[in-house]
Amino acid sequence: MSPDDPGHDEVFRLLVDTVEDAAVFMLGPDGRVVCWNTGGERVTGYCATEALGKHLSHVYLEEDLASGLPQRVLDEAEQQGQARTEGWRVRKDGSRFYSRTLYTALWHPDGRLRGFAGVTRDITARRETEARLREAQEALRRNELLSRMGALVAGVAHEVRNPLFGISATLEAFDARFGHSPEHAPYVSMLRREVSRLHQLMHGLLTYGRPPSTELHPCTLSSVLHESVDLTAALAREREVQVEVRAEPGLPRVPMDPSRLVQVFQNLLANALQHSPRGTTVRLTARGLADEAGPRVECLVMDQGPGFSPEELPRVFEPFFSHRAGGVGLGLAIVQRIVEEHHGSVSVGNGPEGGAEVRVFLPAEGGVNAAPDSGGR
Ligand SMILES: Nc1ncnc2c1ncn2[C@@H]1O[C@H](COP(=O)(O)OP(=O)(O)O)[C@@H](O)[C@H]1O
Ligand SMILES: [Mg+2]
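Residues numbered from 1 in each chain as written. Chains lettered and ligands numbered in written order. Predicted model: local features only at pLDDT ≥ 70, side-chain atom pairs only at ≥ 80, totals over all residues.

**Notes on the packing of helix 8 (residues 221-231) against helix 10 (residues 258-274)**
To be explicit about the condition: Every axis corresponds to a line fitted to the C-alpha atoms, with the helix fit spanning only the stretch in contact, and the corresponding angles, defined between N-to-C directions, vary from 0 to 180 degrees. Helix and strand assignments follow DSSP, with helices taken as H or I runs no shorter than four residues and strands as E runs no shorter than two, numbered in order from the N terminus. Roughly parallel refers to an angle under 35 degrees, roughly antiparallel to one over 145, roughly perpendicular to one between 65 and 115, and oblique to any angle outside these ranges. Helix crossings are classified by the rotation of the near helix relative to the far one: an anticlockwise turn of less than a right angle makes the crossing left-handed, while a clockwise turn makes it right-handed. Each residue is represented by a C-beta atom placed from its backbone, and any two residues with such atoms within 7 Å are regarded as in contact.
It is the contact of helix 8 with helix 10, at a shortest axis distance of 8 Å, that shows an interaxial angle of 50°. Comparing the axis directions of helix 8 and helix 10 gives the class oblique. Remark: the crossing between helix 8 and helix 10 carries right-handed chirality. Across the interface between the two elements, Val 224, Leu 225, Glu 227, Ser 228, Val 229 and Leu 231 from helix 8 touch Pro 258, Leu 261, Val 262, Phe 265, Gln 266 and Leu 269 from helix 10.

Structure representation (structure tokens):
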């Protein structure tokens, strides 16, 4: 059977029609469709009668037409024998699909170009799956790295803690014996300050390095908020700052490790209090949201201090980033870590009046009205 025999086209059509998940087609040397399988309709929306005679540029985006992409691809196929191309194309209904096409140049026995055989697959879904897979692998890699780093940090912190307790105890003994002497007193108080800073650092490192909670149980958030307020009450008194908590009644429960989540709000409240001028108020609010992101709770910690400076905003979650005198810089890093363990997110910014605003989103169990908590303790 010669290639020009009409029977050849028929066999070709039957053959390529069995390929359902790809457009298998042939273009003339001018780039116009001369053969088109049923898979072509599935991929592009054009049936064979619509496709025949159409130029391949029909499925290309405006910007690709402007840059002459379709002709470049055919030129490459003609010169190299084959050309592969990948990118967004347009279906008959105007929607876009991500295509992967292989063009192969076909020749007459006398050496003239006969046209191009093309196979196009719609890989939009595969591409999305691959992107999701890459994201998941990246998250896994980051988690592994964090947990390995966490184990190292926790190990070091643990080793440092013992001599540190020894130093503290010796310092207490020294203070009891010599603290009253004006000669020694300044050294004792300086040593106390530094030892307390080391204790804070070790506590922060151990908290940061703790392995993530694997089991989260749905609990009421308002009790977590109130507990963190209790834990920072002494600091609030010392700073002469009011703390106001408003948890919307009927908040949905949040799958959580309560003690870890208390640490989040304790750190955020401590920051707010440390940056609040005397006589001002720190506000902690929680409300339920049920939008396209699913049922979740939004918590907001607001203060009336100077707020975050624009330069520090992008860096405040970095471990050891601190602009506060005596700060260790682990407070917000710990917050982010724990919130992510709860599959939530945290962002920082400033309110309209300039005070800092830290927003925490936590995924809730069920809908906003499902298993509501009382809003109290
Ligand atoms: N409420 C706030 N208002 C203004 N700046 C803040 C506030 N909370 C945090 N910051 C800034 O973010 C930095 C990092 O905070 P954090 O991680 O808690 O570490 P630390 O408190 O030990 O400095 C702080 O040093 C401060 O510069
Ligand atoms: Mg802090």
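Continuing now.
**Re the pairing of strand 3 (residues 82-90)**
Definition in use: The pairing criterion for strands is at least two bridges between them, as found by DSSP.
The sheet contact formed by strand 3 and strand 4 (residues 96-107) spans 9 bridges and is antiparallel. Bridge assignment links Arg 89 to a residue of strand 4, and that residue is Phe 97. Hairpin connection from strand 3 to strand 4: 5 residues lie between these consecutive antiparallel strands, with Gly 94 at a positive phi of about 95°.

**Focus on the sheet that holds strand 11 (residues 345-350)**
Pairing in this open sheet of 5 strands is mixed, and the strands run 7-9-10-12-11 from one edge to the other. Each edge of the sheet is formed by a strand with only one pairing partner; in this case those strands are strand 7 (242-247) and strand 11. Here the strands of the sheet are splayed against their neighbours by 15° on average, with no regard to which way each runs. Here strand 10 (residues 294-302) pairs with strand 12 (residues 356-363) via 7 bridges, running antiparallel. Bridge pairing links Cys 299 to Val 360 in strand 12. The strands touched by helix 10 within the sheet are strand 7, strand 9 (281-291), strand 10 and strand 12, with strand 9 carrying the most contacts at an inclination of about 140°.

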